[in-house]
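Letter by letter, the chains look like this.
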Amino acid sequence: VPSAPLRGAFVYCLNTSTIRAHNLGLAKELEITAKAGFRAVEIWVDTLQTFLEKGGTTAQVRRLLGDLGLTVENAIGFAPWIVDDDAVRAKGLDQLKREMELLAQIGCRRTAAPPIGAHQSNDPKLDLKRVAERYRTILELGGQTGVVPQLELWGFAQNLSRLSEVMYVATECGHPAARVLLDVYHLYKGGSGVDALPLVGKPGVEIFHVNDYPAHLTPAAITDADRVYPGNGVAPLARIAQAIRNPDRPVVLSFEVFNKTYYAQDPLLVARTALQKMKAAFGK
């Protein structure tokens, strides 16, 4: 079921990375997300698994989401689907399939597919044609489970750090469900910028990670922890919004940061501030 749009063109969503270091657990994270005013959430697979390991059930999660009026728009997981090592990749595919089956049970229809396992600076550069074949394989898994893997750009990674690379893989895989998961910070970190964003095409983006970055940090120097609220930095957010806005359906804007200053603050305050800043930056 598609989410109802908030303010028309965009659905405002909270990636629970933003309050992850508070170690609240899944239920409390969902409660804070809803209390802050969000109607959409992006969860982490390991947090869901911990909830289940402690005796919770997917039925309980579904019920909680319904009670809170939340939809789960995406999940963050780290199954190594991309790597050259056949045995590691086979295990990664098994892991991803199990994760997708869990996500389907709570009504989540997307999961991130980052270049985990091929992201370190000493990892080999992968043949993108092979990566495209591997992405097609997990898209086919998505067809079996009803959860579509979103090909994620990581600006710091050895592989899939540039918009051109994820677009090659997404188009070369030849699968109609292919989608890319981009991020304000990662486009900057990897050196892609935003000039080519309009070339991605409206169907290619269903969810987009939003944040901002300060003026004094170069792409080489900036890290995950330096991301800030939209409007608190110098990212060209208006241009990004224009490029990804889709007249056919609302795009999910998910606020994702790993900011130690925010981790030291009250999580509800952080979530409320995130929504307020997102609406100010993207609601015009």
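The structure under discussion appears in the preceding block.
Because the structure is predicted, anything quoted here is derived from the model rather than measured. (Residues numbered from 1 in each chain as written. Predicted model: local features only at pLDDT ≥ 70, side-chain atom pairs only at ≥ 80, totals over all residues. Heavy atoms only, no water.)

A. Structural context of the overall build of the protein chain. Counting its regular elements, the protein chain contains 10 helices and 8 strands. Taking 19 Å as the expected radius of gyration for a compact globule of 284 residues, we find that the protein chain reaches 18 Å, a close match to that expectation. In terms of overall dimensions, the protein chain has C-alpha extents of about 45 × 45 × 35 Å along its principal axes. Relative to its 284 residues, the protein chain shows a buried fraction of 56%. The long-range share in the protein chain, meaning contacts at least 24 apart out of those at least 6 apart in sequence, stands at 79%. Of the accessible surface of the protein chain, which amounts to about 12000 Å², a share of 53% is contributed by carbon and sulfur atoms. Here the protein chain contributes 32 positively and 29 negatively charged side chains, and the mean placements of these two sets differ by 6 Å. (Helix = DSSP H or I, 4+ residues; strand = E, 2+ residues; numbered from the N terminus. Rg over C-alpha atoms; globule rule 2.2 N^0.38 Å. Buried < 20%, exposed > 50% of the residue type's maximum accessible area, 1.4 Å probe, protein only. Contact = heavy atoms within 4.5 Å. Areas by Shrake-Rupley, 256 points an atom, 1.4 Å probe, with all protein chains shown as cover. Lys, Arg positive; Asp, Glu negative; His and termini not counted. Charge placed at Lys NZ, Arg CZ, Asp CG, Glu CD.)

B. Focus on the packing of aromatic side chains. Under the definition given, this model contains 9 aromatic pairs. The interplanar angle of 15 degrees and the centroid separation of 5.6 Å between the aromatic rings of Y229 and F255 together place this pair among those described as stacked. Placement of the pair is Y229 in the loop between β7 (207-210) and α8 (237-244) and F255 in strand β8 (residues 251-255), with a sequence separation of 26 residues. Pair check on accessibility: Y229 and F255 agree, each one buried. (Phe/Tyr/Trp six-rings, centres within 6.5 Å; stacked < 30°, edge-to-face > 60°.)

C. Examining helix α6 (residues 163-172) more closely. Every buried residue of α6 is listed here: L163, E165, V166, M167, V169 and A170. Contact partners of the buried residues in α6: α5 (128-145), β5 (148-152), β6 (180-183) and α7 (184-189). Positive phi appears at G174, one or two residues downstream of α6, with a value of about 70 degrees.

D. The side chain of R134, seen in detail. Counting through the fold element by element, R134 comes out in helix α5. You can call R134 buried: its relative accessible area is 10%. Discounting chain neighbours no more than four positions away, the residues touching R134 are W81, I82, V83, D84 and R89.

E. Representation of the nonpolar core in the model. Of all hydrophobic cores here, the largest spans 87 residues; its most connected members are I43, L197, F208 and L253. Ranked by the residues each element gives to this core, the list is headed by helix α10 (residues 267-282), at 8 residues. Ignoring any residue separated from it by four or fewer positions in sequence, one finds L253 in contact with F10, V11, Y12, C13, F208, V210, I244, M278 and F282. Formed by 11 residues, the second largest nonpolar core is a distinct cluster that contains V11, I207, V252 and F258. (Core = buried A, V, L, I, M, F, W, Y, C linked by side-chain atoms within 4.5 Å.)

F. Summary view of the packing of helix α1 (residues 26-35) against helix α3 (residues 58-68). Interhelical geometry of α1 versus α3 gives an angle of 15 degrees and a closest axis separation of 10 Å. As summarised for this structure, α1 and α3 are arranged roughly parallel, according to the angle between their axes. For α1 against α3, the interelement crossing comes out right-handed. Between α1 and α3, the residues in contact are L26, A27, L30, E31 and A34 and V61, L64, L65 and L68, respectively. Looking at the contact of α1 with α3 residue by residue, the classes come out as 8 nonpolar, no polar and 1 charged. (Axes fitted to C-alpha atoms, helices over the stretch in contact; angles between N-to-C directions. Parallel < 35°, antiparallel > 145°, perpendicular 65-115°, else oblique. Left-handed = near helix turned anticlockwise from the far one by under 90°. Nonpolar A, V, L, I, M, F, W, Y, C, P; charged D, E, K, R; others polar.)

G. The arrangement of the side chain of D212 in detail. Structurally, the position occupied by D212 is in the loop between β7 and α8. Among buried Asp, Glu, Lys and Arg side chains, D212 stands out as unpaired, with K277 the closest opposite charge at 8.6 Å. Among the polar contacts made by the side chain of D212, one reaches the main-chain amide nitrogen of G231 at a distance of 2.9 Å. For D212, the side chain forms a polar contact with the main-chain nitrogen of A235, separated by 2.8 Å. Not counting residues up to four positions away in its chain, the partners in contact with D212 are D226, R227, V228, Y229, P230, G231, N232, G233, V234, A235 and L237. (Salt bridge = Lys/Arg side-chain N within 4 Å of Asp/Glu carboxyl O. Polar contact = N/O pair within 3.5 Å; in protein donor to acceptor, adjacent residues only side chain to side chain.)

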